[in-house]
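Spelled out from the first residue to the last, the chains are:
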Amino acid sequence: MSSYSFLDVGFTYRSLKPEIDAAYARVMDSGMYIGGRALTSFEQSFATYCQTEHCVGVGNGLDALVLPLRAHKIGPGDEVIVPANTFIATWLAAARTGATLVPVEADPVTMGLDVQAAIAAITPRTRAILPVHLYGTPVPIQPLMDAVEGRDIVVLEDAAQAHGAEIGNRRVGALGHAAGFSFYPGKNLGAFGDAGALVTSSLELADRVRMGGNYGSHVKYDHQEQGGNSRLDPLQAAFLSAKLARLDDWTARRRATAGIYLEMLEGLPELTLPGVPPHSLPVWHLFVIRHPQRDVLRARLLERGVPTALHYPIANHQSGAFRAEYGHLALPVTEEICRTCLSLPIGPHLSREDATDIAGILRDCVLQI
Ligand SMILES: *Cc1c(COP(=O)(O)O)cnc(C)c1O
């Protein structure tokens, strides 16, 4: 029996070892261990990749959301609209500002934010909306942008799972006012440690975020505000530059696997495949199917060498972190996704043969339930 890995974070190092090792040596030899050319060069390349004017490297993906919210002076008494179905970091970023969270249901087809429901949730207190391009599938946020036009509401994309995803020929990161990315090692573009970035075409916002992550200063020892420390490590920036050159190839592999899964798994009883919005090109950070007997299916797959994962098993409003405040909410679509979701292996480490084998095993298992 063969067995497949769900995720292989070492794969990218093995396939780029000479470039990564050279990047390491360059930064070490430069003597610049904070800031410097490795950082500015990555920031420029990533801004270009995202079709935005500016990129500010920060310490991690959470800070890439917290810092722009802080820069907008969002705080207690304000409302921030968040998708109910997302990784908890989206909620934590909004909660960190002291604002009240307004969770919005998932679209049952894409499992991402229901955009019409988000528009309906806007009130005079709304100051920010955080659409998440969950699993690598872009949220069609143009109607949201139209709805906030002329109002003091920032649309901050959480693009942590969607590097390079497109909708209507535009890249995520360039759809809203700003976007936060994570380069956690398991993400589509991952560092070899923690890292994140904010992209935006607003110079003012980019400057404020840079200041916020650099002790409130642009000029050494001239502190304009009570900032924190959240900077992108130049070693990680150098690694990310090497990896960015390969990202589109790796995304193509993810798309090939997703294509095989979508084709071979269509029409199976009780199995729901992930839907994508029109005119969109997802990057398939995750491939999430749904089945009412998810746990049985999961165990059968594992017996046959196919590891799976759950994204996410507990809804944020029912988590220990948030249930005291938000546990009373009824979010049935999100709750159903948590009960039935199952993530299949996907990533640049999987070949077409692997994907075909996995889909074949899954077909057998579903038909035997
Ligand atoms: C990974 C992730 C984050 C947080 O990124 P970190 O780099 O782990 O801080 C935020 N939002 C989503 C949707 C994520 O998947």
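Counting restarts for each chain, with residues numbered from 1 along the sequence as it is written. Given that the model is predicted, a residue must reach a pLDDT of at least 70 before its local features are reported, and side-chain atom pairs must reach 80 or more before they are shown or counted; all residues, however, enter totals for whole chains, interfaces and linings. Side-chain numbers here rest on the full set of heavy atoms in the structure, without hydrogens or water.

A. Structural view of the packing of aromatic side chains. Aromatic pairing here means that ring centres of Phe, Tyr or Trp (its six-membered ring) are within 6.5 Å. Orientation follows from the plane angle: under 30 degrees is stacked, over 60 is edge-to-face, and everything else is tilted. Evaluated as defined, the whole model comprises 13 aromatic pairs. Between Phe42 and Phe183, the ring centres sit 5.5 Å apart and the planes meet at 80 degrees, which makes this aromatic pair edge-to-face. Of this pair, Phe42 sits in helix α3 (residues 37–49) while Phe183 sits in the loop between β8 (178–182) and β9 (196–200), and the two are 141 residues apart along the sequence. Each member of the pair, Phe42 as well as Phe183, is classed as buried. Residues Phe322 and Tyr326 carry aromatic rings whose centres are separated by 6.2 Å and whose planes lie at 55 degrees to one another, so their mutual orientation is tilted. Tyr326 matches Phe322 in its accessibility class, with the two residues each being buried. Working definition: helices are DSSP H or I runs of at least four residues, strands are E runs of at least two. Numbering for both runs from the N terminus. Burial classes follow relative accessibility: with a 1.4 Å probe on protein chains only, a residue under 20% of its type's maximum area counts as buried, one over 50% as exposed, and anything between as partly exposed.

B. Quick peek at the site of the ligand. A molecule or strand has a residue near it when one of that residue's heavy atoms lies within 4 Å. In the region of the ligand, 13 residues are neighbours, and Gly61, Asp158, Gln161, Ser182 and Lys187 sit closest. The separation between an oxygen atom of the ligand and a polar main-chain atom of Gly61 is 2.8 Å. One of the backbone nitrogen or oxygen atoms of Leu62 is found 2.9 Å away from an oxygen atom of the ligand. Working definition of accessibility: Shrake-Rupley area with a 1.4 Å probe, residue cover restricted to the visible protein chains. Here the ligand has 390 Å² of accessible area as a free molecule, and 91% of this is covered by the chains. Counting of polar contacts relies on pairs of N or O atoms within 3.5 Å, with two restrictions inside protein: one atom must be capable of donating a hydrogen and the other of accepting it, and residues adjacent in sequence are counted only when both atoms are side-chain atoms.

C. Region of interest: helix α10 (residues 294–303). Those residues of α10 not exposed but buried are Arg294, Leu297 and Leu301. The buried residues of α10 occupy an angular sector of 65 degrees when the element is viewed end-on, so they sit on one face. Exposed side of α10, more than 90 degrees from the buried face: Asp295, Leu302 and Glu303 are the residues found there. Here, residues are in contact when the closest pair of their heavy atoms is within 4.5 Å. Looking at the buried residues of α10, the elements they touch are β11 (287–290), α12 (332–340), β12 (341–344) and α13 (352–368). Immediately beyond the C-terminal end of α10, within one or two residues, lies Gly305, with a positive phi of roughly 85 degrees. The arc refers to the directions leading from the helix axis to the C-beta atoms.

D. Just the side chain of Asp354, in detail. Here Asp354 shows up in helix α13. The buried charged residue Asp354 lacks any salt bridge, with Arg253 as its nearest oppositely charged partner at 7.3 Å. Positive residues here are Lys and Arg, negative ones are Asp and Glu, while His and the chain termini are left out of the count. A pair is scored as a salt bridge if a Lys or Arg side-chain nitrogen falls within 4 Å of a carboxyl oxygen belonging to Asp or Glu.

E. Representation of the sheet that holds strand β1 (residues 54–58) in the model. Note on pairing: DSSP must find at least two bridges between two strands before they are called paired. Taking strand neighbours across the sheet as the criterion, the 7 strands line up as β1-β9-β8-β5-β4-β2-β3 in an open arrangement whose pairing is mixed. Both edges of this open sheet fall to β1 and β3 (100–104), since each of them pairs with a single strand only. The average undirected angle you get between the axes of adjacent strands in this sheet is 25 degrees. Pairing of β1 with β9, which is carried by 5 bridges, proceeds in the antiparallel orientation. The residue of β9 that forms the bridge with Cys55 is Val199. Orientation is described by lines fitted to C-alpha atoms, with helices fitted over the stretch in contact, and by angles between N-to-C directions that extend from 0 to 180 degrees. Contacts from helix α5 (residues 88–96) reach β2 (79–83), β3 and β5 (154–158), with the element oriented near 175 degrees to β2.

F. Highlighting helix α9 (residues 234–264). Take the number of residues in a helix, subtract one, and multiply by 1.5 Å to get its expected span. Over its 31 residues, α9 runs 43 Å from end to end, which matches the ideal 45 Å to within 8%, given 1.5 Å per residue. Bend angle per residue: angle between axes fitted to the 7 residues ending at that residue and the 7 residues starting there. Of all bends in α9, the biggest is about 50 degrees, found at Arg246. Residue Asp233 occupies the N-cap position of α9, its side-chain oxygen lying 2.9 Å from the main-chain nitrogen of Leu235.

G. Highlighting unusual backbone geometry. Of note, the bond from His311 into Tyr312 is cis; its omega dihedral lies within 30 degrees of zero at 10 degrees. Following the sequence through the fold, Tyr312 ends up in the loop between α10 and α11 (323–326). Even without being a glycine, Gln51 presents a positive backbone phi close to 60 degrees. By the element assignment, Gln51 lies in the loop between α3 and β1. According to the relative accessible area criterion, Gln51 is partly exposed, its value standing at 41%. Of note in this structure, Tyr215 is not a glycine but carries a positive phi near 60 degrees. Structurally, Tyr215 is set in the loop between α8 (203–212) and α9. The exposure class of Tyr215 is partly exposed, given its relative accessible area of 43%.

H. Up close: a nonpolar patch on the surface. A surface patch of nonpolar side chains, about 310 Å² in accessible area, is lined by Tyr24, Met28 and Tyr33. In this fold, Tyr24 is placed in helix α2 (residues 17–30). Patches here: salt-bridge-free residues with over 30% relative accessible area, like charges joined within 9 Å, nonpolar side chains (Val, Leu, Ile, Met, Phe, Trp, Tyr) joined within 5 Å.

I. Quick peek at the sheet that holds strand β6 (residues 166–167). Taking strand neighbours across the sheet as the criterion, the 3 strands line up as β7-β6-β10 in an open arrangement whose pairing is antiparallel. Pairing within the sheet leaves two strands with one partner each, and these edge strands are β7 (170–171) and β10 (280–281). For β6 and β10, the ladder comprises 2 bridges, and the chain directions are antiparallel. Looking at β10, one finds that Ile167 is bridged to Ser280.

That's the geometry; what it means functionally is another story.
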